[in-house]
Amino acid sequence: MKEGKEKELALSFGEDMVISRTKGRRVFVAANTLIMIILSLSCLYPLWYALCLSISDKAAANSGAVTVWPVGFSLDSYQQIMGDWKFFNSFGISVQRTVLGTIVTIFVLIMFAYPLSKPTSEYKYRDIIMWIVIFCMIFSGGTIPWYITMMKYGLIDKIWGLVLSGGMPVFNLILLVNFYRGIPKELGEAAVVDGADSWTILFRIIVPCSIPVLATIILFTSVGYWNEFFQGLVLSSGDTHYPLQTYIKQMVVNVQTTNLSMDQIEKLDKLSNKSLDAAKVFIAMIPMLVVYPFLQKYFVTGIMLGAVKE
Amino acid sequence: MRQSKRKSRTMLSYHIMISAGMLWLIFFNIVPMFGIVMAFQDFNPGLGFLHSKFVGLGNFEYLFSMSDSRRVIANTFIIAVSKLILNVVVPLTFALLLNEVGNLKFKKAVQTVVYLPHFLSWVILASVLLQIFSLKGSINGLLSVFGIEGKIWFSEDVYFRNLVIGSDVWKEFGFNAVIYLAALTGISPELYEAAAIDGCGKLKSIWHITLPGIAGTVVLLSVLGLGNVLNAGFDQVFNLYSPLVYSTGDILDTWVFRMGLVDVQFSLATTAGLFKSVISFILVVTSYLVAYKVADYKVF
């Protein structure tokens, strides 16, 4: 009798535990899901907000009526941009810079990394060059010496200034060198027996083996060139030479951060056109959204390559 | 004979392969370093490097006697260190929580979305954030429900620093979590099964299995982050700040920019930049050495 009761007690206690655990679990899962949804929405909101503002009525956008949905649908802002040649000029400069910069970077890196991936016995300057490269990665002269040098080179208002002035992409070089080194040596050796020279080995064997890491570098490089605004700002003599990000910095962001009193802000609000600004910002986001699915696919590989080395 | 001819031809190819990158490196990374000489001169652009007067460490003395410099260094340090810590803690927590999500489609969708801000530039994000936090922005709209008075949030020096830190953590947490998520998938599921059989609860198994399993990654990333102690994020602050918030938001890089390129005090700005470069260099080298000793991490 006593024994049976004890058993019953134990049983009910155990069930209770199970129930409370699953209950706790359910609460946790619900809370966790909620947190995930909130975080996801917060990451989407800037995009959505810019889109809503840009397709809202000008007055509604300026009065702050737009928060979650577009108010008073209107495509005026986009129509207005169509007539803004400076915007398209900047857009063109950015496209040119991104395409040129990515091509130059990738070719330079493909070649530069190859001899550096060889052991010192095969390329004796490897170590010294590698140390110079690493030194350049962790030390720089600072903004002002860099600026004065670029000026001396005559790179103001030049597309090549926007492409080269950021310096050799050292981090990506090291990424690629490490990847090349992971490719089995036998592949190259077999080709040597067949009479291939180093160029053939590099472009016929090494490069095809490195497609994932090269894709990652191409994506990150192009995103980097597209998003860069500072060089565009200091290496341009006027707004007709700005790349797109610099254009937006000067025409949209600066207006918002100027030191103004309350009634000046009121006045500025009447003059400003938040809807138009948002439309410009949204257009600047579009290329990023186009490459985003590809970024998704490759950047995880890229990060892991950069972080995990034998 | 043929062998050595072949070898010298290979050498020549190697030199040619190196050349383009090497020229880029020399002219755009190394040559600008010589401009550091300005830090020890009273540099006059008209006279150039060769004829400007040398002042020894005078610029450093003057720089550190300025009241601005202490404020700027303090701001930089506070913002950068807060970011360093939170950019480990928040992504790690997020990775652990996301790892608990059972529905794979939902998990994938969340992951896809949270990377997005990382790829948008600070120019773009600043323009939107400044709107959202402006007088008539969504945040004030939301807060007015609770009866909190509206503000231009990024113009208030009390909030600016926290907003900068918070928005940076928000921008990067999804991206930073990638590496932790990868480390989490590397933990053998058998360990969890064994723990469950031994009566280990969820929290306990996180504490005893998950955290030790990714501790190496966390330590490595934290150590490598040390080099950024004076990197408060120029792009971000430059796009978000205004003279109203200089007292809490002005950092070394923005100060150097204004001093050098707006007020054209090349020597002082170079000095401040050099100070940052040297400290960062020492920290990076130290952190690499520590990472090498602790985690056997090699740069190449």
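A quick note: this is a predicted structure, and the numbers were derived from the prediction, not measured.

Some remarks on the overall build of chain A
Check the secondary structure of chain A and you find 15 helices and zero strands. Out of the 310 residues belonging to chain A, those deemed buried represent 36%. Within chain A, counting contacts between residues at least 6 apart in sequence, those at least 24 apart form 71% of the total.

Quick word on the interface of chain B and chain A
Across the boundary between the two partners, chain B contributes 72 residues, which contact 75 residues of chain A. Here the side of chain B that touches chain A is built from residues that sort into 49 nonpolar, 19 polar and four charged.

Considerations on the confidence of the model for chain B
Predicted confidence across chain B gives a mean pLDDT of 88, with 99% of residues reaching 70 or more. As scored by the predictor, the complex reaches a pTM of 0.87 and an ipTM of 0.88.

Considerations on the packing of helix H9 (residues 157–185) of chain B against helix H11 (residues 202–225) of chain B
Residues and elements named next belong to chain B. With their axes 9 Å apart at the nearest point, H9 and H11 run at an angle of 145° to one another. In the crossing of H9 with H11, the sense of the turn from one axis to the other is right-handed. Two secondary-structure elements touch here, H9 through Ile179, Tyr180, Ala183 and Leu184 and H11 through Thr210, Ile214, Thr217 and Leu221. Looking at the contact of H9 with H11 residue by residue, the class counts come to six nonpolar, two polar and no charged.

Details of the packing of helix H9 (residues 185–193) of chain A against helix H10 (residues 198–209) of chain A
All names here are of chain A. Contact geometry for H9 and H10: axes closest at 10 Å, N-to-C directions at 130°. Between H9 and H10, the angle is such that the two are oblique. Here the hand of the crossing between H9 and H10 comes out right-handed. Seen from H9, the contacting residues are Leu187, Gly188 and Ala191; seen from H10, they are Thr200, Ile201 and Ile205.

So, the domain arrangement of chain B
All names here are of chain B. Domain assignment breaks chain B into domain 1 (2–53) and domain 2 (64–295). The gap between the C-alpha centroids of domain 1 and domain 2 is 35 Å. Facing the eight residues of domain 1 at the interface are five residues of domain 2. Classifying every residue of the side of domain 1 that touches domain 2 by side-chain character gives five nonpolar, two polar and one charged.

What to know about the confidence of the model for chain A
Residues and elements named next belong to chain A. When pLDDT is averaged along chain A, the result is 84; 84% of the residues meet or exceed 70. Across chain A, the secondary-structure element scoring lowest on mean pLDDT is helix H14 (residues 262–271), at 62, and the one scoring highest is helix H4 (residues 85–117), at 95. Note that pLDDT drops below 50 for residues 1–19; the model gives that stretch zero contacts with residues more than four away or on any other chain.

Examining H9 of chain A
Sparse coverage of H9 of chain A is indicated by the burial of zero of its nine residues. Positive backbone phi, at 90°, marks Gly195 of chain A, one or two positions downstream of H9 of chain A.

Digging into the environment of Leu219 of chain A
All names here are of chain A. Within the secondary structure, Leu219 is located in helix H11 (residues 211–227). With 21 C-beta atoms packed within 10 Å, Leu219 lands in the buried category. Spatially, the C-alpha atoms of Leu219 and Tyr292 are 9.3 Å apart, while their sequence positions differ by 73 residues.

What about the nonpolar core?
Core analysis: the biggest nonpolar cluster contains 135 residues, and Ala113, Leu176 and Val281 of chain A have the highest contact counts within it. Among the elements that take part in this core, H9 of chain B stands out by supplying ten residues, more than any other. Once you skip the residues sitting within four places of it in the chain, Leu176 of chain A turns out to touch Leu109, Ala113, Val213 and Ile217 of chain A.

Describing the environment of Ile93 of chain A
One can find Ile93 of chain A in helix H4. Taking C-alpha positions, Ile93 of chain A is 9.9 Å from Gly232 of chain A, a pair spaced 139 residues apart along the chain.

About the thresholds
- Residues numbered from 1 in each chain as written.
- Chains lettered and ligands numbered in written order.
- Predicted model: local features only at pLDDT ≥ 70, side-chain atom pairs only at ≥ 80, totals over all residues.
- Helix = DSSP H or I, 4+ residues; strand = E, 2+ residues; numbered from the N terminus.
- Buried ≥ 20, exposed ≤ 12 C-beta atoms within 10 Å, placed from the backbone.
- Contact = placed C-beta atoms within 7 Å.
- Nonpolar A, V, L, I, M, F, W, Y, C, P; charged D, E, K, R; others polar.
- pLDDT = per-residue confidence, 0-100.
- Axes fitted to C-alpha atoms, helices over the stretch in contact; angles between N-to-C directions.
- Left-handed = near helix turned anticlockwise from the far one by under 90°.
- Parallel < 35°, antiparallel > 145°, perpendicular 65-115°, else oblique.
- Domains from an automatic or database assignment.
- Core = buried A, V, L, I, M, F, W, Y, C linked by C-beta atoms within 7 Å.

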